[in-house]
Amino acid sequence: MSDAPNPIAHLPAERRPRHVGVIMDGNGRWAKERGLPRERGHEKGADAVREVVRAARRCGIEALTLFAFSSQNWDRPPEEVVHLMALLRRYLIEERAEILDNDIRLTTVGETERLPSLVRDPLSELMEVSKDNRGMVLCLALSYGGRETISGAARRLAQRVADGELRPEEIDVETFARSLPSSEMPPLDLLVRTSGEHRISNFFLWESAYAELHFSPVMWPEFGREAFIVALEDFASRERRFGLTPAQAETAPRVASGGD
Ligand code: FPP
């Protein structure tokens, strides 16, 4: 893969996102439009995951976070949850070689302890064997909710204060950000949502503070390399100011992003 040309070579390096997050939406509607069961939409959605991960690696993206299963998705019909878990397991087993061959480090955000062992086992194995890979971080948001993650971080900080390890005045944006699981990745630059919906739906609430938002009309099962590159090109066209004036932002475009 490293020998393949970079599909975004035409975009200036400083206008390429380091970290892209994707809300993969529209599997159910894609299936319904074709008179198929929702499960078929998720299966085709898993194929789109494969294509987008490959495209992101080719494009030199440092981190790709995919919102694969939300805290709220547990309340879907049990048979749909079971099917999604089986699909996740299949993905982890079938993509293992490709992930390792392409120097990808697999990681997660979310309450993965809630996942059944049929997912947790291949997940933790692949995270362990890929932990030294440096080509790209692939982060799966699983049993993930932005509010749940933020309240969990607040709870842990409060406990440290109660234990006398931390003073309340030491809690600022940087300390808080460091207590979130996403802190091991570059700041989120671009948030993509597919299927024409314009919502963040409890995804990276903290992380998206200064992310550029790209809403694609394409249903996730149809979203592939081409639509991903459209999102990256859209990102490259944006003027990011991080609250500064245009003149200030031009000289210090990354300063206000919070760094890494
Ligand atoms: C949203 O579509 C999608 C999901 C809730 C699950 C996403 C899962 C996949 C893309 C497949 C498996 C994932 C991996 C990483 C292999 P929806 O069902 O809410 O669609 P709708 O809004 O049209 O009903």
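In what follows, the structure referred to is the one given above.
First, a word on scope: everything that follows refers to the structure included in this document. All values derive from a computational prediction rather than experimental measurement.

Procedures and definitions
- Residues numbered from 1 in each chain as written.
- Predicted model: local features only at pLDDT ≥ 70, side-chain atom pairs only at ≥ 80, totals over all residues.
- Heavy atoms only, no water.
- Near = heavy atom within 4 Å.
- Polar contact = N/O pair within 3.5 Å; in protein donor to acceptor, adjacent residues only side chain to side chain.
- Helix = DSSP H or I, 4+ residues; strand = E, 2+ residues; numbered from the N terminus.
- Nonpolar A, V, L, I, M, F, W, Y, C, P; charged D, E, K, R; others polar.
- Buried < 20%, exposed > 50% of the residue type's maximum accessible area, 1.4 Å probe, protein only.
- Pairing = 2+ DSSP bridges.
- Axes fitted to C-alpha atoms, helices over the stretch in contact; angles between N-to-C directions.
- Contact = heavy atoms within 4.5 Å.
- Salt bridge = Lys/Arg side-chain N within 4 Å of Asp/Glu carboxyl O.
- Expected span 1.5 Å × (residues − 1).
- Arc of directions from axis to C-beta.
- Parallel < 35°, antiparallel > 145°, perpendicular 65-115°, else oblique.
- Left-handed = near helix turned anticlockwise from the far one by under 90°.
- Phe/Tyr/Trp six-rings, centres within 6.5 Å; stacked < 30°, edge-to-face > 60°.

Considering the site of the ligand
Within the structure, the ligand sits among 16 residues, and D25, G28, R29, R38 and R76 are positioned closest to it. Measuring from an oxygen atom of the ligand, one finds a backbone N or O atom of N27 at 3.2 Å. Secondary-structure elements contributing two or more residues to the shell around the ligand are α1 (27–33), α2 (38–58) and α3 (78–94). With 4 residues, the top contributor of residues to the shell around the ligand is α2. In terms of residue class, the shell around the ligand is made up of 6 nonpolar, 6 polar and 4 charged.

Considering the side chain of H83
Inspection of the secondary structure puts H83 in helix α3. H83 sits in the buried class, given a relative accessible area of 18%.

Looking at the sheet that holds strand β3 (residues 104–109)
As summarised here, the arrangement of the 6 strands in space is β3-β4-β2-β1-β5-β6, forming an open sheet in which the pairing is parallel. The sheet is open, and its two edges are formed by β3 and β6 (212–215), each paired on a single side. When strand polarity is set aside, the average angle formed by the axes of neighbouring strands in this sheet is 20°. In this sheet, strand β4 (residues 136–144) lies alongside strand β2 (residues 63–70) in parallel orientation, the contact comprising 7 bridges. Of the residues in β4, the one forming a bridge with S70 is Y144. Strands in contact with α2 are β2, β3 and β4; relative to β2, the strand with the most contacts, it is inclined by about 160°.

Quick notes on the pattern of salt bridges
By the definition in use, this model includes 26 salt bridges. Measuring nitrogen to oxygen at the nearest pair gives 2.8 Å for the salt bridge that ties E62 to R18. You can see E62 sitting in the loop between α2 and β2 and its partner R18 sitting in the segment before β1 (19–23), a full 44 residues away along the chain. Notably, a salt bridge pairs E95 with R50, separated by 2.7 Å at the nearest N-O pair. With E95 in the loop between α3 and α4 (96–101) and R50 in helix α2, the pair connects residues that are 45 residues apart, well separated along the chain. Each member of the pair, E95 as well as R50, carries the same accessibility label: buried. Each of D25, R29, R193, E197 and R199 takes part in salt bridges that share partners, so that together they form one network.

What about helix α5 (residues 117–129)?
Over its 13 residues, α5 runs 18 Å from end to end, which matches the ideal 18 Å to within 8%, given 1.5 Å per residue. Considered for burial, the residues of α5 that qualify are V119, P122, L123 and L126. Taken end-on, α5 shows its buried residues confined to a sector of 105°, consistent with a single buried face. Against α3, α4, β3 and β4 lie the buried residues of α5.

A few points about the pairing of β6
Residues E212 and H214 point to one face of β6 and are all buried, whereas L213 and F215, pointing to the other face, are not buried. Bridge analysis of strand β5 (residues 190–193) against β6 gives 4 bridges, and the strand direction is parallel. The residue of β6 that forms the bridge with V192 is H214.

Some thoughts on the packing of α3 against α5
The relative placement of two packed helices is expressed as an angle between their axes plus a distance between the axes. It is the contact of α3 with α5, at a shortest axis distance of 9 Å, that shows an interaxial angle of 25°. Viewed along their axes, α3 and α5 adopt a mutual orientation that is roughly parallel. As for the relative orientation of α3 and α5, their crossing is left-handed in sense. Here M85, A86, L88, R89, L92 and I93 of α3 lie close against α5, whose contacting residues are L118, V119, P122, L123 and L126.

Some words on unusual backbone geometry
For residues other than glycine, phi is negative in most cases, and the peptide bonds are mostly trans. Within the chain, D103 stands out as a residue other than glycine whose phi angle is a positive 60°. Note on placement: D103 falls in the loop between α4 and β3. Despite not being glycine, N202 has its phi angle at roughly 65°, a positive value. On the basis of relative accessible area, N202 is assigned to the buried category, the value being 12%.

A closer look at the packing of aromatic side chains
Here a ring pair, both rings aromatic, is described through the centre-centre distance and the interplanar angle of the planes. Under the criterion given, the structure shown has 9 aromatic pairs. Ring centres of Y144 and F203 lie 6.1 Å apart, and the angle between their planes is 80°; on these two criteria the pair is classed as edge-to-face. Highlighted residues: Y144 in strand β4 and F203 in the loop between β5 and β6, separated in sequence by 59 residues. Linked through ring pairs, F67, Y144, F203 and F204 together constitute an aromatic cluster.

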